[in-house]
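Coordinate analysis (summary)
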Amino acid sequence: MARRRRIYEGKAKVLFEGPEPGTIVQYFKDDATAFNAQKKGVISGKGVLNNRISEYIMLKLGEIGIATHFVRRLNMREQLVHEVEIIPIEVVVRNIAAGSISKRLGIEEGTPLPRSIVEFYYKSDALEDPMVSEEHITAFGWANPQDIDDIIALALRVNDFLSGLFLGVGIRLVDFKLEFGRWYDDQDNMRIVVADEVTPDSCRLWDIKTNEKLDKDRFRRDMGGVEEAYQEVARRLGILPEAGPQDLKGTKSIN
Ligand code: UDP
């Protein structure tokens, strides 16, 4: 295959120029980072599973009328997406206290929150993604008040839908992170769409009966069984690669 232009390499994905204008290829790596990339490692087969899991979730969101950047999966580790202008905000939705909210507000992990809480973080590795308010977002022009209203409404719809989807396979959606992008159609109409990925890298997923963690916290907290946890999520969603775990390594070539 002809060498493609690499646009960007992130912590867990590489972005390449897509085959048609306005498209991008997302390549999912096995690399994992935590604590603002201070902790680095490899979760064998993660890229293959995350490619499938994110495809599955983006397609499901599309089915209920939530626009996403997803176009189609290309192969084991790659998917085609619309090129969007990423809004530089990480949107976190929480249902149960865990991670940073537990630490910051002294709420014991596992405590159900009085209602779903939406938080914003400014995307900046150099600043370690600081938490920001709507005031900061509008004052610095990262998004306008209408965009923020749309983003909150979308984030809460995604939360309700995914909570039900995971509940159906015995998993509690504790919290998750979304990114949004501005997508311009041929007539130059702008639409805010769900972008990036939705995977166990960006969600906290706990087994409903045992509270066993089925997400990246196993890597962050050196709990072991990381590969198995990602496989378990894929298995429960009914999307383990056909040929089974031997398929998980996939191709190493990312040219
Ligand atoms: N999250 C993420 N990327 C980030 C920060 C957080 O995907 O850069 C996800 C994380 O996996 C969790 C949720 O957002 O599902 C809330 O994370 P939290 O603020 O508790 O931070 P953490 O404890 O992961 O540092």
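Shown above is the structure to which this text applies.
All values derive from a computational prediction rather than experimental measurement.

**Examining the pattern of salt bridges**
Note on pairing: side chains with opposite charge can pair once their charged atoms come close. Applying the stated criterion to the full structure yields 31 salt bridges. Among the ionic pairs, Arg182 bridges to Glu85, the shortest N-O distance being 3.2 Å. Of the two residues, Arg182 sits in strand S12 (residues 171-184) while Glu85 sits in strand S8 (residues 85-86), which places them 97 residues apart along the sequence. A salt bridge links Asp147 to Arg182, with the nearest nitrogen and oxygen atoms 3.1 Å apart. Pair noted here: Asp147 is in helix H4 (residues 145-167) and Arg182 is in strand S12, with a separation of 35 residues, a long-range link.

**Overview of the packing of helix H1 (residues 46-63) against helix H6 (residues 226-237)**
Packing of H1 against H6 leaves a shortest axis separation of 10 Å and a crossing angle of 35 degrees. Relative to H6, H1 is oriented so that their crossing is left-handed. Residues Lys46, Leu49, Asn50, Ile53 and Tyr56 of H1 pack against Tyr230, Gln231, Val233, Ala234 and Leu237 of H6. Here the residues of the contact of H1 with H6 sort into seven nonpolar, two polar and one charged.

**What to know about the packing of aromatic side chains**
Considering all chains together, one arrives at two aromatic pairs under this definition. Seen in terms of ring centroids, Tyr122 and Trp142 are 4.0 Å apart; in terms of plane orientation they differ by 10 degrees. Their pairing is stacked. With Tyr122 in strand S10 (residues 112-122) and Trp142 in the loop between helix H3 (134-139) and H4, this residue pair connects regions lying 20 residues apart in the sequence. A relative accessible area of 23% places Tyr122 in the partly exposed class. Take Trp142: its relative accessible area is 16%, and that puts it in the buried class. Ring pairing ties together the aromatic residues Tyr122, Phe140 and Trp142, which thus form one cluster. Its guanidinium or amino end placed over the ring of Phe16, Arg4 lies 4.4 Å from that ring's centre, counting from NZ or CZ.

Rules used in this analysis
Residues numbered from 1 in each chain as written. Predicted model: local features only at pLDDT ≥ 70, side-chain atom pairs only at ≥ 80, totals over all residues. Heavy atoms only, no water. Salt bridge = Lys/Arg side-chain N within 4 Å of Asp/Glu carboxyl O. Helix = DSSP H or I, 4+ residues; strand = E, 2+ residues; numbered from the N terminus. Axes fitted to C-alpha atoms, helices over the stretch in contact; angles between N-to-C directions. Left-handed = near helix turned anticlockwise from the far one by under 90°. Contact = heavy atoms within 4.5 Å. Nonpolar A, V, L, I, M, F, W, Y, C, P; charged D, E, K, R; others polar. Phe/Tyr/Trp six-rings, centres within 6.5 Å; stacked < 30°, edge-to-face > 60°. Buried < 20%, exposed > 50% of the residue type's maximum accessible area, 1.4 Å probe, protein only. Lys NZ or Arg CZ within 6 Å of the ring centre and 35° of its normal.

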